[in-house]
Structures are given as structure tokens and as C-alpha cells.
Amino acid sequence: MPHAVPTFDDVLAAAARLEGVAHKTPVMQSSFLNEQLKATIYVKCENFQRMGAFKFRGGFNALAKLNDAQRRAGVVAYSSGNHAQAVALAARIIQIPATIFMPHDASPAKLAATQGYGAKVIGYDRYSEDASALATALAQANGLTFIPPFDHPDVLSGQGTAALELFKEVGELDVLFVCLGGGGLLSGSALAAKALSPHCQIVGVEPEAGNDVQQSFRKGERVKIATPVTIADGAQTPMVGAITFEIIKALVDDIHTVTDAQLVQSMRFYAERMKMIVEPTGCLSLAAAIQAGTSLKGKKAGVVISGGNIDMARFSQLMTAYP
Ligand SMILES: *Cc1c(COP(=O)(O)O)cnc(C)c1O
């Protein structure tokens, strides 16, 4: 493994770097939800983070750690979504040149946002080209630093600062539900949870159609699947990261899955009851809490919303498709 596995100290160091730069996002409750589940549910709203998702935390932390020579040379990343915007925004703040590979069919809003932050965007074909290989090759050829979307100590340590804030605000929890793709948010959250709330049960939640981490968790080794078909586009990763899986194996208690219909049910709940727009992937955690139902009775549970980036045409399309 090329990198050391980070610890809670790395999450604390990331929080210091993010101080005054990242938003301290609100923690909200819904009395309706609390009554339904007969529990106290604390919702950590990373949909209100800068650029609309927790990914700003990890992207900024990774860039803030670069030395002067690395900063001058610039960074490269690939993403169809939130990591592209996160790296582009962090690079603009620190004044680092950024090149981002984005698929030709990336959403126009995400493309415009990434370019709007001043990044140079290069298109690629997501079905025939390997974006990770393209980014690594460009990094080697031009002396750039490659910033991976999840499997990097500085990225995952940054992501863990969201849960760090949650525990600092509400104290210890009985259970924490975290949205899960490649495992950056989950592994960082687990580092924070084990330090600040050692008895908290940590549950990662992925789409039922793409349960590679659940399979990996049960097998004890990483399982690769075909790119899953799900509306949770932030969790379409075919395989969990190597470093993130080390932490998940050691600290996470279980991996749950939910269906696309359950995700839309949670999107509707957030919009109607809590007046929030949450993207499908950001609903994984709440959908799992609702699925856990009466097993949460009398407990304090955390639900991390990972992001809110969805355009209204897609939002209304999903509301109509899953009435
Ligand atoms: C990237 C992303 C995820 C998955 O995060 P990982 O760190 O890859 O597990 C979940 N939700 C949203 C909104 C994301 O952008």
C-alpha cells in the first residue's frame, strides 16, 4: 500500500485546515421523523456545504497539504460530479491550477460549475476510457499531483470532519448512518466516531444495485462489480478503495443497502417535511434509518446527508417516476 492509513489525529489536523474555509453545516431534526421512529435523529446537512457536498472538505484538505512546488505545478482529478467541483473550488481558493477529466455526458450544470471555478476541463468517454489512467498519465507527464476521489489519506481525513462536527455538536450517538460510494466519507466518519463516541454503531449505506462494499465487507476482501445502474450517481463506484476498506473493515459495524424507490421516498421527505433539496445519493443514510424502523426506538441516531446537487428537471422526473 503506497499510503499510511490515517488516524483520528489526521481528521483533527484536517479540521484545523478547514477552519474558516468550509462551512460548519447545520444539524437538523424533524419532529415528524422523531415521532415516526420513536428516536432522536440528528441530520447533518452537508447539502449546505460549499459547492453542495461534503467533497469540498477532502478536496481542500488534500490541496492545502501540498508544498509550494506542487502548488505551482498544479493538480489533476477526474469525476463526473461532486469531486470535480470540490477540487476546482479548493484549487481556486488556494490558487493552484487544476485540470479535471469529466465524462462527455456529465451534467451541464456540473460542467459549468467546475469551469466556473476556473478549472480546465478535459472530456472523456466514460464507457471506453479509464479516467483514472488518463489522470495518472497526465500527472506523470506534466508533474501534476493527482487527487483521487476517495482512496487517499488526506481526502478521507478531510471527509471525516463532517462527522467530527456532528459529534462535537450533539455528543455521543447510538448509531450513525453514512452514505457510501468509494468509502471516503464512511472511513473518515468512522475515525471520528470511534474517537468521540466509541460505542456508536457505524453503518455504511449503499444502493442495493451496487452492493460491492457489502459483499467486500462480508468476504473480508475487496470485490469488484460492474458499474451499477442506480439513481445514486455518487455511489456508482465499482470497488471500494484500498485504504478506505482497511478502515471500514476495522471500524465499521455493518453495511446496509436501499433501493432507488426508497431513495426517492427520502428525497420527497426532505423536500416536503424539512424543506431541503437532497440529491439521490445524499438520501442513502436517511433511507437506511427509515428502513431500520423500530429497531431505532429510544435511540440517538446520526444521519449524514452527503450532498444536494440535483437540477430541478431531474428532481421532478424522479418524483413522477416514483409516485
Ligand atoms: C462522492 C459522494 C458520495 C460517496 O462518497 P465516497 O467517499 O466515495 O464513499 C456520496 N454522496 C455524494 C453526494 C457524493 O458526492
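That block above? That's the structure.
If you're wondering where the values come from, they're calculated on a predicted model, not measured in any experiment.

Criteria and thresholds
Residues numbered from 1 in each chain as written. Predicted model: local features only at pLDDT ≥ 70, side-chain atom pairs only at ≥ 80, totals over all residues. Heavy atoms only, no water. Pairing = 2+ DSSP bridges. Helix = DSSP H or I, 4+ residues; strand = E, 2+ residues; numbered from the N terminus. Buried < 20%, exposed > 50% of the residue type's maximum accessible area, 1.4 Å probe, protein only. Contact = heavy atoms within 4.5 Å. Core = buried A, V, L, I, M, F, W, Y, C linked by side-chain atoms within 4.5 Å. Near = heavy atom within 4 Å. Polar contact = N/O pair within 3.5 Å; in protein donor to acceptor, adjacent residues only side chain to side chain. Nonpolar A, V, L, I, M, F, W, Y, C, P; charged D, E, K, R; others polar.

Sheet architecture is open: four strands sit in the order β5-β4-β3-β6, paired in parallel fashion. Pairing within the sheet leaves two strands with one partner each, and these edge strands are β5 (120-124) and β6 (145-146). Looking at chain direction, strand β4 (residues 98-103) and β5 are connected through five bridges and run parallel. Note that in β5 the partner of P103 across the bridge is Y124.

Within helix α12 (residues 242-251) the residues assigned to the buried category are I243, T244, F245, I247 and I248. The elements touched by buried residues of α12 are α8 (153-159), α10 (184-196), α11 (212-219) and β9 (254-258).

So, about the nonpolar core. I41, F177 and Y270 are the most contacted members of the largest nonpolar core, which totals 37 residues. For this core, the elements supplying multiple residues, two or more each, are α2 (31-37), β2 (40-45), β7 (175-179), β8 (201-207), α13 (260-274), α14 (284-292), β10 (300-305) and α15 (312-321). Examining the composition of this core, we find that six residues originate from one element, α13, more than from any other. In this structure, F177 is in contact with V203, V205, H256, S285, A288, A289, A292, L296, A301, G302, V303 and V304, ignoring residues within four places of it in sequence. The next biggest cluster of nonpolar side chains, apart from the first, holds 32 residues, and it includes L180, L186, A192 and I202.

Taken together, 15 residues sit near the ligand, with K55, N82, G181, G183 and S306 positioned nearest. Interatomic distance of 2.9 Å between a backbone N/O atom of G184 and an oxygen atom of the ligand. In the shell around the ligand, the residues fall into four nonpolar, nine polar and two charged.

Attention shifts here to the pairing of β2. By the criterion of burial, β2 is predominantly enclosed, with five of the six residues buried. The sheet contact formed by strand β1 (residues 27-28) and β2 spans two bridges and is antiparallel. The residue of β2 that forms the bridge with M28 is V43. Sheet topology places β2 next to β10; six bridges connect them, and they run parallel. The partner of I41 across the bridge, within β10, is A301.

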